[in-house]
Amino acid sequence: MKYVRLGSSTLEVSRVCLGTMTWGKQNDQQEANDQLDYAQYQGINFIDTAEMYAIPPNAETYGKTEAIIGHYLKANPTRRNNLVIATKIAGPGLSYIRGGSDISKETVIQAVNDSLRRLNTDHIDLYQLHWPNYSSPHFAKHWPNMLNYTNMNAQEEIEKMHDILLGLAECVTAGKIRYCGLSDDTPWGINQYLKLSEQHNLPRMVSIQNEFSLLHTKDWPYLIENCVHEDIAYLPWSPLATGALTGKYLNGKRPEGSRWTLMQRHGLFRDTQNVETAISAFCDLANSIQLTPAQLALAWIDQVNGVTSTIIGATSMSQLKENIDAFNITLTEETLLRINAWLKAHPSPF
């Protein structure tokens, strides 16, 4: 396993990050324990979760994933110091989480305390804002004019960011969190936080996790360039496009218990005819070089310049093993050229 520094922090994290959002819905405690044990045996020290997990989010599963991790840590206390644990505060919009309120100084402090209790730990290594208070171009909102930036009160949003940083600073001073990060945000969001941190001597954002895969490359090059030059770790989530890139949903298939059989908060917006066509061609490409589509997709993500650590998830041990093994694959120049040709033939399919 390869390790890399997490942005401007002092943390050294594995190039693979174990995502956990299925725990508490598609996976039970024992299955989560097995995944944690196997991942660590393979050298993974980076674990990502969120207060709103399990997924799909609802009031019944809220907090369950953190609680599962907390149960594991209680049973295995010596493992804690070897792990970099990241979690996230939910943004606005979920009525059962603090009434659906915006993120603020007050809600940060409350959410951190709640996560610490569920995780059964005295500190969180990386505490992230799951999505910003303002609308951002994620979850299929990246097409022209889907967001009205000219009607956004930028100064009001910056004041809210300052308030959030004050809450994060209080938690850092108290030793409850070590570093802070973003998720589902934009270059503008990154840069406002950096300015505020410098101006007011407040915690600096060290990372951002956004959706990034062969089907969804919108962060290249502009946001990733921003991350590289500002020393912000870039953490792709959904590198298999919620499993679509494995080919398991081709021709209308819906394997029992898979993500696309569950109620989706934002709908199945990745399920388009263009996606079907793109994945069919991608599976042919993978088969021709004797790799599984999942391994080819993950190996490609790993070699993208500017990517720090890729967040993977699995509902079975066989999936987890296949995914982790992908990071030992070095793609040839010929394969990369073929993937580039495929990308140009199937741009932005959802």
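Here we summarise the structure given alongside this text. (Residues numbered from 1 in each chain as written. Predicted model: local features only at pLDDT ≥ 70, side-chain atom pairs only at ≥ 80, totals over all residues. Heavy atoms only, no water.)

### What about the pattern of salt bridges?
- By the definition in use, this model includes 17 salt bridges.
- Glu170 is the salt-bridge partner of Lys105, the closest N and O atoms lying 3.8 Å from each other. Placement of Lys105 in helix α3 (residues 105–119) and of Glu170 in helix α4 (residues 154–173) is noted, with a sequence separation of 65 residues between them.
- The exposure class assigned to Lys105 is partly exposed, which follows from its relative accessible area of 30%.
- Residue classification places Glu170 among the partly exposed positions, given a relative accessible area of 42%.
- What you see here is one network of salt bridges that share partners, running through Glu51, Glu66, Arg98 and Arg118. (Salt bridge = Lys/Arg side-chain N within 4 Å of Asp/Glu carboxyl O. Helix = DSSP H or I, 4+ residues; strand = E, 2+ residues; numbered from the N terminus. Buried < 20%, exposed > 50% of the residue type's maximum accessible area, 1.4 Å probe, protein only.)

### Examining the environment of Leu202
- Of note, Leu202 is situated in the loop between α5 (187–200) and β8 (205–211).
- On the basis of relative accessible area, Leu202 is assigned to the buried category, the value being 13%.
- On a C-alpha basis, the gap between Leu202 and Phe139 in space is 30 Å, while along the polypeptide they are 63 residues apart.
- Excluding residues within four positions of it along the chain, Leu202 makes contact with His162, Leu165, Leu166, Ala169, Leu196 and Ser197. (Contact = heavy atoms within 4.5 Å.)

### Structural notes on the pairing of β8
- Of all seven residues that make up β8, seven are buried, and the element is covered over most of its length.
- Sheet analysis places strand β7 (residues 177–183) next to β8, joined by three bridges and oriented parallel. Within the sheet, the bridge partner assigned to Leu182 lies in β8 and is Ile208.
- Taking the sense of rotation as the criterion, the β-α-β connection linking β7, α5 and β8 turns out right-handed.
- Across five bridges, β8 lies against strand β9 (residues 233–237) in parallel orientation. Opposite Ile208, over in β9, you have Tyr234 as the bridge partner.
- Following the chain from β8 across helix α6 (residues 222–230) to the adjacent parallel β9, one finds a crossover that is right-handed. (Pairing = 2+ DSSP bridges. Right-handed = clockwise from strand over helix to strand, strands pointing away.)

### Section: the packing of helix α8 (residues 293–303) against helix α10 (residues 333–345)
- Closest axis-to-axis distance for the α8/α10 pair is 12 Å, and the angle between their directions is 100 degrees. As the angle between them shows, α8 and α10 are arranged roughly perpendicular. In contact with Leu296, Trp300 and Gln303 of α8, α10 contributes Thr335, Leu336, Ile339 and Leu343.
- Residue composition of the contact of α8 with α10, by class: five nonpolar, two polar and no charged. (Axes fitted to C-alpha atoms, helices over the stretch in contact; angles between N-to-C directions. Parallel < 35°, antiparallel > 145°, perpendicular 65-115°, else oblique. Nonpolar A, V, L, I, M, F, W, Y, C, P; charged D, E, K, R; others polar.)

### Some remarks on unusual backbone geometry
- Put simply, Ile55 and Pro56 share a cis peptide bond, and its omega is -5 degrees.
- Geometrically, the link from Trp220 to Pro221 is a cis peptide bond, its omega value of 5 degrees lying close to zero.
- The backbone of Arg98 shows a phi angle near 50 degrees, a positive value even though the residue is not glycine.
- In this structure, Arg98 sits in the loop between β5 (84–89) and α3.
- The phi angle at Asn201 is positive, at roughly 55 degrees, despite the residue not being glycine.

### Notes on the packing of aromatic side chains
- This model, assessed by the stated rule, comprises nine aromatic pairs.
- Here Phe212 and Trp300 contribute two aromatic rings whose centre-to-centre distance is 6.0 Å and whose plane-to-plane angle is 20 degrees, an arrangement assigned as stacked. In this pair, Phe212 sits in the loop between β8 and α6 while Trp300 sits in helix α8, placing the two residues 88 residues apart along the sequence. Like Phe212, the residue Trp300 is buried in the burial classification.
- Between Phe282 and Trp342, the aromatic rings sit 5.3 Å apart at their centres with planes inclined by 55 degrees, giving tilted as the arrangement. (Phe/Tyr/Trp six-rings, centres within 6.5 Å; stacked < 30°, edge-to-face > 60°.)

These values are about where atoms sit, not about what they do.
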